[in-house]
Amino acid sequence: MSESKKMKLFTEKPKFPGEVDEVHPGPFITMPPQPQKKKPGQLSSKQITQFFDEGYTVVQDFFTPEELQPCRDSISEMVDNLADKLFKADKITEKFSEYGLFQRLTKLEEAYPGSNILLFKSQKMPKSFQKLWCNERLLNVMEQILGPEVAGHPVWNLRTKTPNSQAVDIPWHQDSAYFSNESYDHMIATAWIPFLDATEENGCMQVAKNGHRKGKDATHQCCKGPTWYVMLEEEEMTKTLDVDTEKDILTLPIKYGGLLLFNNLTPHRSLMNYSEEIRWSVDLRWQSPKHHWGFYDIGEGVLFRSAEKEVKEPDWDKFFSVDRKEIWQKKYFKQKNDLDPFDTTITGPWIGRWEIVNHNKHTDAFKPG
């Protein structure tokens, strides 16, 4: 090997699996042909234009409180089930049943630290969330963004943002940084839906508008503080994505009933919750079923609409036959014994895609799949 090649090997920064040079701006800035028929819930011309131009749009008053109440009820049931589980295992001495939806998990967290993570790890999608995901008006919006082929993406999350918790303080990132590289070249649309008024105090969302326009996943790092979250430095956003951190970073309060739409290349984060209430929210995703799921070949999405065939009902049985969090824990977790149901360690394939600059129990537990 020549001296120049040797010097190059020593001076070049190693490339990690998540880093690629290719860019795919087209799908993220080019609006598909819009439906000719006017349908309920569709975005206005201004909103759909903003989504493709700036990488996000806010839609206030999309749902009525009555439409979202079943989801609130389901969350309360999840918290109740967690309290029962902790109580039966002698992890807590009381269930805090007198507290409501926006306080009870906080009390459980105080009694058994990591309760918010346990709820995040164990959540199963209830029927109320299934109905929300394939809500007719939401799917009408997705037709505007994706075209006539619309499927639910395999990744969805209920966010358990308890007050002042680092464990749920999510840093800047692009969603594709968590997915496999096959997700880089097509649109995956996200609706972030809060279950109370999301404010700057309780941890509403921020986006870096225009950060999607290069069609590129920036270099992320792993992991933030004591968490399993990848992170995107603001300097990297500026260098790689041309984000102007003085002008392009927007804080987006959203009223209960509203939602935030963005895509898998839009840089975003949530603020810390400094209020006294839990900021519950859900993020749901959709893409065309004609594209790769970008999901490490673990599972597929669920078809909602198609111009090629009638979809009477989503195939929920097939979709829920794969539990991604269970698979990730088994495939990427070093622990050899049976998984402890109260373990708060989270691992997954994204940890192996980026440089680990901050080691913690989550990165230490990771093994390549």
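In this text the structure is predicted, and so the values were computed from the model without any measurement.

Cut-off values and rules
- Residues numbered from 1 in each chain as written.
- Predicted model: local features only at pLDDT ≥ 70, side-chain atom pairs only at ≥ 80, totals over all residues.
- Heavy atoms only, no water.
- Phe/Tyr/Trp six-rings, centres within 6.5 Å; stacked < 30°, edge-to-face > 60°.
- Helix = DSSP H or I, 4+ residues; strand = E, 2+ residues; numbered from the N terminus.
- Buried < 20%, exposed > 50% of the residue type's maximum accessible area, 1.4 Å probe, protein only.
- 1 Å grid on protein atoms, 1.4 Å probe; cavity = no way out; pocket = protein on both sides within 12 Å on 5 of 7 lines; lining within 4 Å.
- Points joined across faces, edges and corners; volume = space filled by probe spheres on them.
- Nonpolar A, V, L, I, M, F, W, Y, C, P; charged D, E, K, R; others polar.
- Pairing = 2+ DSSP bridges.
- Axes fitted to C-alpha atoms, helices over the stretch in contact; angles between N-to-C directions.
- Lys, Arg positive; Asp, Glu negative; His and termini not counted.
- Salt bridge = Lys/Arg side-chain N within 4 Å of Asp/Glu carboxyl O.
- Contact = heavy atoms within 4.5 Å.
- Arc of directions from axis to C-beta.
- Disulfide = S-S within 2.5 Å.
- Polar contact = N/O pair within 3.5 Å; in protein donor to acceptor, adjacent residues only side chain to side chain.

Peer 1: Provide a residue-level description of the packing of aromatic side chains, including the pertinent values.
Peer 2: In the structure shown here, the tally under the stated rule is 19 aromatic pairs. Each ring, one from Trp-328 and one from Trp-350, has its centre 5.0 Å from the other, and the planes form 70°; the classification is edge-to-face. Placement of Trp-328 in helix α11 (residues 324–332) and of Trp-350 in the loop between α11 and β13 (355–356) is noted, with a sequence separation of 22 residues between them. Accessibility expressed as a relative area gives 4% for Trp-350, which makes it buried.

Peer 1: For the layout of surface pockets, give the residues involved together with the corresponding values.
Peer 2: Here the largest pocket defines a volume of roughly 770 Å³. As for the largest pocket, its lining consists of 42 residues, of which Phe-120, Lys-121, Arg-324, Lys-325 and Ile-346 are closest to the centre. Take the lining of the largest pocket: its biggest share by element is five residues, from α11. Residues belonging to the lining of the largest pocket are distributed by class as follows: 19 nonpolar, eight polar and 15 charged.

Peer 1: Tell me about the sheet that holds strand β5 (residues 205–208), and please be specific about residues and values.
Peer 2: Ordered by their spatial adjacency, three strands build an open sheet running β8-β5-β10, and the pairing between neighbours is antiparallel. Unpaired on one side and paired on the other, β8 (249–252) and β10 (268–270) mark the two borders of the sheet. Here the average twist between neighbouring strands, direction ignored, is 20°.

Peer 1: I'd like a rundown of the pairing of strand β4 (residues 189–194), residues and numbers included.
Peer 2: Burial within β4 is extensive, with six of its six residues counted as buried. Neither face of β4 is open: one carries Ala-189, Ala-191 and Ile-193, the other Thr-190, Trp-192 and Pro-194, and all of them are buried. Examined bridge by bridge, β4 and strand β9 (residues 259–263) share four bridges and lie antiparallel to one another. Bridge pairing in β9 places Ala-191 opposite Leu-261. Bridge count for β4 against strand β11 (residues 279–287) is six bridges, and the pairing is antiparallel. Bridge assignment links Ala-189 to a residue of β11, and that residue is Trp-286.

Peer 1: Go over the side chain of Glu-109 with me, naming the residues and quoting the values.
Peer 2: Examined against the element boundaries, Glu-109 turns out to sit in helix α5 (residues 104–111). Of the side chains with opposite charge, Lys-361 comes closest to the buried, unpaired Glu-109, at an N-O distance of 9.9 Å. Apart from residues no more than four positions distant in its own chain, Glu-109 is found in contact with Gly-114, Ser-115 and Asn-116.

Peer 1: Describe the sheet that holds strand β6 (residues 221–222), and please don't skip the residues or the numbers.
Peer 2: A sheet is described by the order of its strands in space; here three strands give the open sequence β7-β6-β13, paired in mixed fashion. Among the strands making up the open sheet, the edge pair consists of β7 (230–231) and β13. In terms of strand pairing, β6 meets β13 through two bridges, oriented parallel. Its bridge partner being in β13, Cys-222 is matched across the sheet by Ile-356.

Peer 1: Lay out empty space enclosed by the protein in plain terms, naming residues and giving numbers.
Peer 2: Summed over all chains, the structure comprises one cavity of 30 Å³ or more. Here the largest cavity is characterised by a volume of approximately 90 Å³. If you list the elements that add at least two residues to the lining of the largest cavity, you get α6 (115–122) and β3 (157–161). If you tally residues by element for the lining of the largest cavity, the top one is β3, at four residues. Of the residues in the lining of the largest cavity, the class split is seven nonpolar, three polar and three charged.

Peer 1: Explain helix α3 (residues 45–54) to me, and be specific about the residues and the numbers.
Peer 2: Here α3 has its buried residues at Ile-48, Phe-51 and Phe-52. Angular distribution of buried residues about the axis of α3 spans 85°; they occupy a single face of the element. On its buried side, α3 packs onto α2 (26–29), β1 (56–59), α8 (136–146) and β9.

Peer 1: Give a description of the state of the cysteines that names residues and reports values.
Peer 2: Tallied over the entire structure, the rule returns one disulfide. Between the sulfur atoms of Cys-222 and its disulfide mate Cys-223 the distance is 1.9 Å. For the residue pair Cys-222 and Cys-223, the accessibility class agrees, reading buried in each case. Cys-71 carries a free sulfur, and the closest cysteine sulfur to it, the one in Cys-134, is 11 Å from it. Taking relative accessible area as the criterion, Cys-71 reaches 1% and is therefore assigned buried.

Peer 1: I'd like to hear about the side chain of Glu-236, residue by residue, with values.
Peer 2: If you trace the backbone, Glu-236 turns up in helix α9 (residues 234–241). Since its relative accessible area comes to 12%, Glu-236 is described here as buried. Within the structure, the side chain of Glu-236 is placed 3.1 Å from the backbone nitrogen of Thr-219, a separation counted as a polar contact. Engagement of the side chain of Glu-236 in a polar contact is seen with the side chain of Thr-240, the distance being 2.6 Å. With residues up to four places along the chain from it excluded, the contact list for Glu-236 reads Ala-218, Thr-219 and Leu-241.

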